[in-house]
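Results of the structural survey
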Amino acid sequence: MASSIISQYHSLKDNHNPLSLHHLDPYYVHNNTQILRSHSSSTSISVGVLDKKPHFSDTLFAPPNLSPCFHFLDELCEIRDLNSVRELHAQMLKMPRNKGGSSTLATIDETVMRYYLEFDDFVSAIKVFFVGLSRNYLLWNSFLEKFGSFGGDPYEILAVFGELHKKGVEFDSIAFTVVLKICLVLMDLKVGLEIHACLIKRGFHFDVHLCCALINLYEKCWGVDRAYQVFDEAPQKEDFLWNTIIMASLRSEKWFDGLELFRGMQLSSAKATGGTIVKVLQACGKLRALNEGKQIHGYVLRRGLVSNMSISNSIISMYSKNHSLKMARTFFDSMEDYNLSSWNSIISCYAGYGNLEDALDIFQEMEASGIKPDIITWNSLMSGLLLQGSYKAVLANFRSLQVEGLKPDSGSVTSALQAIIELGIFNLGKEIHGYILRNKLDHDVYVCTSLMDMYIKNDELHKAQKVFHRTKNKNICAWNSLISGYSFKGQFSDAEELLNQMEKESIKPDIVTWNSLISGYSMHGRSEEAMDVINRMKSSGFSPNVVSWTAMVSGSSRNKNHMDSIRFFGQMQAQNVRPNSTTICSLLRACSGQSLLKKGEEIHCLCIRHGFIEDMYIATALIDMYSKAGKLKVACEIFGRIEGKTLPCWNCMMMGYAIHGHGEEVIFLFNKMLKTGIIPDSITFTALLSGCKNSGRINDGWKYFDSMSTDYNIVPTIEHYSCMVDLLGKSGFLDEALHFIQTMPVNPDASIWGALLASCRIHKNIMLAETASRNLFKLEPYNSANYVIMMNIYSALGKWDDAQRLRDTMVAAGLKSPGVWSWIQVNQTTHVFSTEGKSHQEEGEIYFELYQLVSKVKKLGYVPDISCVYQNIDNNEKEKVLLSHTEKLAITYGLMKTKGGSPIRVVKNTRICQDCHTLAKYISSAENREILLRDGGRFHHFVNGKCSCNGCW
């Protein structure tokens with residue numbers, strides 16, 4: 001039979017009769033049914049169920065039913081061109097039909113299609129493809145792949161389908177299903193809608209496979225709500241249909257709808273596939289729906305699906321996402337078999353919550369069981385270490401996985417880059433960048449975003465720009481990263497230009513884009529521009545969220561615009577935006593900076609109401625706020641209640657004691673912290689040295705300064721050197737302070753010379769004061785405070801000509817003396833007393849009360865210290881000038897307006913003078929009132945005629 005076919009093939013070839021789909025006679029009668037001419041220009045026939053309408057599988061395109069022994073495929077080696085294929089195909093069509101195997105026919109279909117594709121006759125290949133579907137439904141997927149590999153345009157398949165449909169060819173449900181699947185691949189909703197209309201006319205729309213194909217198409221191209229409509233209109237909801245609609249719902253992240261559909265599926269007694277169960281378990285994790293997850297776990301047990309590893313691993317993940325580590329571990333331990341994914345799931349579970357010890361224990365148990373960790377295992381450990389802040393360990397694991405013969409993937413690289421950013425090891429980051437380029441990982445947008453972030457943090461914005469411009473298929477995250485980088489560096493024109501470019505490329509800014517700009521403007525003290533961005537954001541259809549308002553609060557606090565922080569928080573509350581822990585910390589920082597105790601206490605209450613009180617960062621911020629507001633006892637109580645104190649928590653409490661002059665308590669806390677195993681950092685030593693400085697503990701100061709480098713390998717910063725200069729100078733060791741400055745390994749800055757100048761004022765050392773001032777005038781030529789301090793030193797020593805010379809220098813430079821002010825809060829109202837501007841409305845009553853107080857304490861031994869007046873006037877006038885000091889007025893007003901023995905709390909922006917300090921001690925004794933005064937450097941706590949500073953100020 002094979003030789004007969006071959007001879008017929010050669011006969012046709014010799015007669016040059018190219019028969020194919022394009023060249024066969026347009027009339028072919030089969031079962032008394034006539035097919036339309038292939039080149040007919042008549043209008044398309046409406047698709048309907050007709051008695052004498054040709055069916056596509058019965059037409060001339062259908063090959064005959066060949067015998068299984070037909071070895072035609074073995075003889076195809078002589079095909080050399082397209083005509084050969086057409087002739088052979090035509091010969092096949094003329095062969096008599098007999099009982100042949102469908103597998104042989106399917107093979108012939110695939111072979112003929114492949115030849116047509118090889119010779120670029122895509123239309124003929126498509127027609128054979130539609131014939132073959134009736135024998136091999138799965139043919140469509142491989143055909144699409146081959147069709148594309150030969151350079152075919154998948155849209156041509158739909159075009160040929162449309163042409164055949166116009167010519168009256170009828171397709172069965174299989175063909176329609178495949179065409180809908182192709183529409184899904186091409187995201188062609190229009191053709192899909194036309195097919196849906198055709199199906200309704202023909203009554204095919206009830207076919208479950210067609211319904212499923214429509215659900216998948218509509219979910220991707222038109223929205224899941226349209227997919228729901230197809231499902232609702234289906235008269236019979238079989239298992240396949242339920243699984244399809246649930247998967248469509250969950251793909252669209254309609255987690256709640258997916259769970260509701262799964263519940264309906266159970267009520268209808270339909271069975272879920274393993275894939276559906278995996279997805280609904282993921283939904284339970286997303287929604288933190290622990291109870292629903294437990295019910296699905298029970299469903300899995302009832303159906304005996306625990307042996308399905310994908311389902312079991314998803315159960316572990318579900319419990320993990322619902323913070324039920326114990327249940328995740330219990331289920332893991334109950335499993336009879338484990339695969340690599342099982343181990344990875346439980347390791348990821350523990351690592352994701354920072355339980356690194358448990359994760360590492362399981363990791364070792366996994367290796368002991370003979371299962372070798374893969375890249376996912378290592379990535380899970382690295383993510384956990386990153387979450388815990390163990391950045392060096394992240395990089396150690398990054399090296400270890402390479403030693404094990406694994407190649408880091410995008411997940412590994414992203415974790416390593418984030419650790420590098422935190423550690424500031426940017427040279428290593430550049431090496432990893434080289435690895436990324438060599439291994440073509442730069443296609444991953446998350447890797448590129450991490451690279452951009454690294455270069456931005458390393459102040460190499462130009463390199464971040466290069467990464468951005470080389471990134472293909474940039475998503476919104478990449479755009480946002482560079483806009484954030486520009487904003488962070490204060491390059492707002494570049495940020496705005498990039499925003500405009502982004503919109504030109506039809507990428508709509510999201511809320512992250514707007515928040516990046518808001519944060520940048522606010523951080524750089526440009527709150528008006530930040531508010532303008534918020535208004536633009538609203539115009540674009542976005543409502544400012546907690547990140548937007550937190551950026552406003554935080555930026556204002558950072559720039560010491562503390563009242564603006566509180567004002568923005570009020571606007572945030574007015575718009576019903578719930579604050580988060582970052583908002584609260586920023587707000588508490590603002591209250592600390594302004595010593596706004598009442599507002600801070602209100603925020604403390606808000607923390608309790610919203611459940612923030614257990615947050616370690618907020619607890620630390622509360623300690624800071626109460627310490628700086630003068631309520632050290634409350635700060636200690638909060639500190640004492642904290643379990644698992646972190647290093648910042650210890651540092652904050654030590655600094656609280658330090659600014660109140662309690663050096664002994666600072667040292668006690670430091671030793672206590674060491675016993676817990678916590679290693680101090682540079683901030684710890686700043687608190688320690690500040691405590692020593694404010695309590696005059698010179699020996700302890702030297703001891704801890706030396707131990708920084710010898711015992712803890714911490715390099716002292718300029719802040720530590722400034723503390724030592726201040727400690728030595730205020731204790732009277734001015735020569736030692738100068739020698740210390742001259743032998744420092746770093747260049748002294750304004751804070752160093754400023755500390756020496758302030759000490760020279762206390763001890764009236766004109767020679768060293770001039771040395772310090774000369775350096776300050778070079779470093780800060782426009783800081784008027786330095787000139788004023790030096791003028792006061794000259795005036796105190798009677799050097800009026802030198803004082804006048806400096807005053808003239810200031811005038812010539814256009815400098816003005818900095819304003820001096822003190823303020824007190826009474827009944828939620830802040831009362832400011834300033835040397836400039838408008839006087840207080842109750843000034844007359846305040847001065848009258850102050851005269852009375854001074855007369856009273858003079859009888860107790862108070863003598864006005866007129867040396868604190870740096871004006872060349874007589875002594876009586878100097879006494880009058882002393883009465884105008886702002887802290888005296890604030891204390892007096894507090895005594896007038898507060899009753900019941902409540903403490904007087906005053907804030908002053910500069911150092912309190914000796915006379916005011918003495919008077920405050922006498923008033924605290926005479927009036928039996930506690931006075932807390934926070935000046936430019938520390939706290940003074942006056943009780944019963946004594947001050948907490950013990951003269952060390």
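For clarity, every value in this text was computed on a predicted model and none was experimentally measured.

1. What about the overall build of the protein chain?
- Looking only at helices and strands, one finds 48 helices and eight strands in the protein chain.
- For the protein chain, restricting intrachain contacts to residue pairs at least 6 apart in sequence, the fraction spanning at least 24 positions comes to 64%.
- When the accessible surface of the protein chain is split by element, carbon and sulfur atoms take 50% of a total near 45,400 Å².

2. Description of helix α15 (residues 309–321)
- With 13 residues, α15 extends 18 Å from end C-alpha to end C-alpha; this agrees with the ideal 18 Å at 1.5 Å per step.
- Of all the 13 residues making up α15, 10 are buried; the element is thus mostly covered by neighbouring parts of the structure.
- Restricting attention to buried positions, one finds in α15 the residues Met 309, Ile 311, Ser 312, Asn 313, Ser 314, Ile 315, Ile 316, Met 318, Tyr 319 and Ser 320.
- Among the residues of α15, the N-terminal cap falls to Asn 308, whose side-chain oxygen and the backbone nitrogen of Ser 310 are separated by 3.0 Å.
- Of the residues one or two after α15, His 323 is the one with positive phi, at around 60 degrees.

3. Overview of the side chain of Thr 684
- Following the sequence through the fold, Thr 684 ends up in helix α37 (residues 682–695).
- We classify Thr 684 as buried; its relative accessible area is 0%.
- There is a polar contact of 2.8 Å between the side chain of Thr 684 and the side chain of Asp 681.
- Not counting chain neighbours up to four residues away, the residues in contact with Thr 684 comprise Leu 647, Asn 651, Met 654, Phe 670 and Met 673.

4. As for the UniProt feature "repeat: PPR" (unreviewed entry) in the protein chain
- The feature "repeat: PPR" (unreviewed entry), as annotated in UniProt, sits at residues 339–373, 374–408, 475–509, 510–544, 545–579, 646–680, 681–711 and 783–817 in this numbering.
- For residues 339–373, the helix share is 74%, the strand share is 0%, and the end-to-end C-alpha distance is 11 Å.
- End C-alpha atoms of residues 374–408 are separated by 10 Å, and the span's content is 77% helix alongside 0% strand.

5. Describing the pairing of strand β3 (residues 821–826)
- Here β3 pairs with strand β4 (residues 829–834) via six bridges, running antiparallel. Of the residues in β4, the one forming a bridge with Ser 822 is Phe 833.
- Count of turn residues in the β3/β4 antiparallel hairpin: two residues, of which Asn 827 carries a positive phi of about 50 degrees.
- Pairing analysis gives three bridges linking β3 to strand β5 (residues 904–908), with the strands arranged antiparallel. Each residue of the ladder has a partner; that of Trp 823, found in β5, is Val 907.

6. Some details on the confidence of the model for the protein chain
- Mean pLDDT over the protein chain stands at 84; residues scoring 70 or higher make up 88%.
- Low pLDDT, under 50, characterises residues 1–71; the stretch is placed with 147 contacts to residues that sit more than four places away or in other chains.
- This stretch, residues 97–101, has a pLDDT under 50; its non-local contacts, to residues over four places away or in other chains, come to 17 contacts.

7. Details of the packing of α37 against helix α39 (residues 718–730)
- The geometry of α37 relative to α39 is characterised by a closest axis approach of 9 Å and an angle of 10 degrees between their N-to-C directions. The angle between the axes of α37 and α39 places the two elements in the roughly parallel class. Each of Ser 682, Phe 685, Thr 686, Leu 689, Ser 690, Cys 692 and Lys 693 in α37 lies in contact with α39, whose residues at this interface are Glu 719, His 720, Cys 723, Met 724, Asp 726 and Leu 727.
- Taken together, the residues that form the contact of α37 with α39 break down as six nonpolar, four polar and three charged.

8. A few points about the side chain of Ser 556
- When you line up the elements, Ser 556 lands in helix α29 (residues 546–558).
- Among the residues examined, Ser 556 registers a relative accessible area of 4% and is labelled buried.
- Dropping the residues within four chain positions of it, Ser 556 is found in contact with Ser 522, Asn 561, His 562, Asp 564, Ser 565 and Phe 568.

9. A few points about the sheet that holds β5
- Strands sit in the order β4-β3-β5-β6-β7-β8 across an open sheet of six strands; the sheet is mixed. Bordering the open sheet on either side are β4 and β8 (946–947), each of which pairs with just one other strand.

10. Some details on the packing of helix α38 (residues 698–712) against α39
- Relative orientation of the contacting elements α38 and α39 amounts to 160 degrees, with a least axis distance of 10 Å. Classified by the angle between their axes, α38 and α39 sit roughly antiparallel to one another. The chirality of how α38 crosses α39 is left-handed. Residues Ile 698, Gly 701, Trp 702, Phe 705 and Met 708 of α38 touch α39, and the partners they reach there are His 720, Tyr 721, Met 724, Leu 727 and Leu 728.
- Residues belonging to the contact of α38 with α39 are distributed by class as follows: eight nonpolar, two polar and no charged.

11. Considering unusual backbone geometry
- Positive phi values are uncommon outside glycine, yet His 323 reaches one of about 60 degrees.
- The residue His 323 is located in the loop between α15 and α16 (325–334) in this model.
- Classification of His 323 by relative accessible area gives exposed; the value is 53%.
- If you check the backbone angles, Asn 928 has positive phi at about 55 degrees while not being a glycine.
- According to the relative accessible area criterion, Asn 928 is exposed, its value standing at 59%.

12. Details of the pattern of salt bridges
- If you walk through the whole model with that rule in mind, you get 25 salt bridges.
- Its salt-bridge partner being Glu 260, residue Arg 263 comes within 2.5 Å of it at the nearest N-O pair. Here Glu 260 and Arg 263 lie together in helix α12 (residues 255–267), a separation of three residues that amounts to about one turn.
- We classify Arg 263 as partly exposed; its relative accessible area is 35%.
- The exposure class assigned to Glu 260 is partly exposed, which follows from its relative accessible area of 37%.
- The salt bridge involving Glu 460 is made with Lys 463; its shortest N-O contact spans 3.2 Å.
- Taking relative accessible area as the criterion, Lys 463 reaches 26% and is therefore assigned partly exposed.
- Three or more residues are tied together by salt bridges with common partners; here these are Arg 329, Asp 333 and Glu 365.

13. Topic: the packing of aromatic side chains
- Counted according to the given criterion, the structure contains 24 aromatic pairs.
- The interplanar angle of 85 degrees and the centroid separation of 6.4 Å between the aromatic rings of Trp 702 and Phe 705 together place this pair among those described as edge-to-face. Of the two residues, Trp 702 and Phe 705 both sit in helix α38, three residues apart, roughly one turn of that helix.
- Between the aromatic rings of Phe 705 and Phe 740, the centroid separation amounts to 5.6 Å while the plane-to-plane angle is 65 degrees, which identifies the pairing as edge-to-face. Of the two residues, Phe 705 sits in helix α38 while Phe 740 sits in helix α40 (residues 734–742), which places them 35 residues apart along the sequence.
- Take Phe 705: its relative accessible area is 9%, and that puts it in the buried class.
- When its relative accessible area of 9% is taken as the criterion, Phe 740 is described as buried.
- Each member of the aromatic cluster is reached from another via a ring pair, and the members are Phe 670, Phe 685, Tyr 704 and Tyr 712.
- Its end group placed over the ring of Trp 222, Arg 226 keeps NZ or CZ at 4.3 Å from the ring centre.

Parameters and conventions
- Residues numbered from 1 in each chain as written.
- Predicted model: local features only at pLDDT ≥ 70, side-chain atom pairs only at ≥ 80, totals over all residues.
- Heavy atoms only, no water.
- Helix = DSSP H or I, 4+ residues; strand = E, 2+ residues; numbered from the N terminus.
- Contact = heavy atoms within 4.5 Å.
- Areas by Shrake-Rupley, 256 points an atom, 1.4 Å probe, with all protein chains shown as cover.
- Expected span 1.5 Å × (residues − 1).
- Buried < 20%, exposed > 50% of the residue type's maximum accessible area, 1.4 Å probe, protein only.
- Polar contact = N/O pair within 3.5 Å; in protein donor to acceptor, adjacent residues only side chain to side chain.
- UniProt positions renumbered as here; feature names shortened; annotations may be inferred.
- Pairing = 2+ DSSP bridges.
- pLDDT = per-residue confidence, 0-100.
- Axes fitted to C-alpha atoms, helices over the stretch in contact; angles between N-to-C directions.
- Parallel < 35°, antiparallel > 145°, perpendicular 65-115°, else oblique.
- Nonpolar A, V, L, I, M, F, W, Y, C, P; charged D, E, K, R; others polar.
- Left-handed = near helix turned anticlockwise from the far one by under 90°.
- Salt bridge = Lys/Arg side-chain N within 4 Å of Asp/Glu carboxyl O.
- Phe/Tyr/Trp six-rings, centres within 6.5 Å; stacked < 30°, edge-to-face > 60°.
- Lys NZ or Arg CZ within 6 Å of the ring centre and 35° of its normal.

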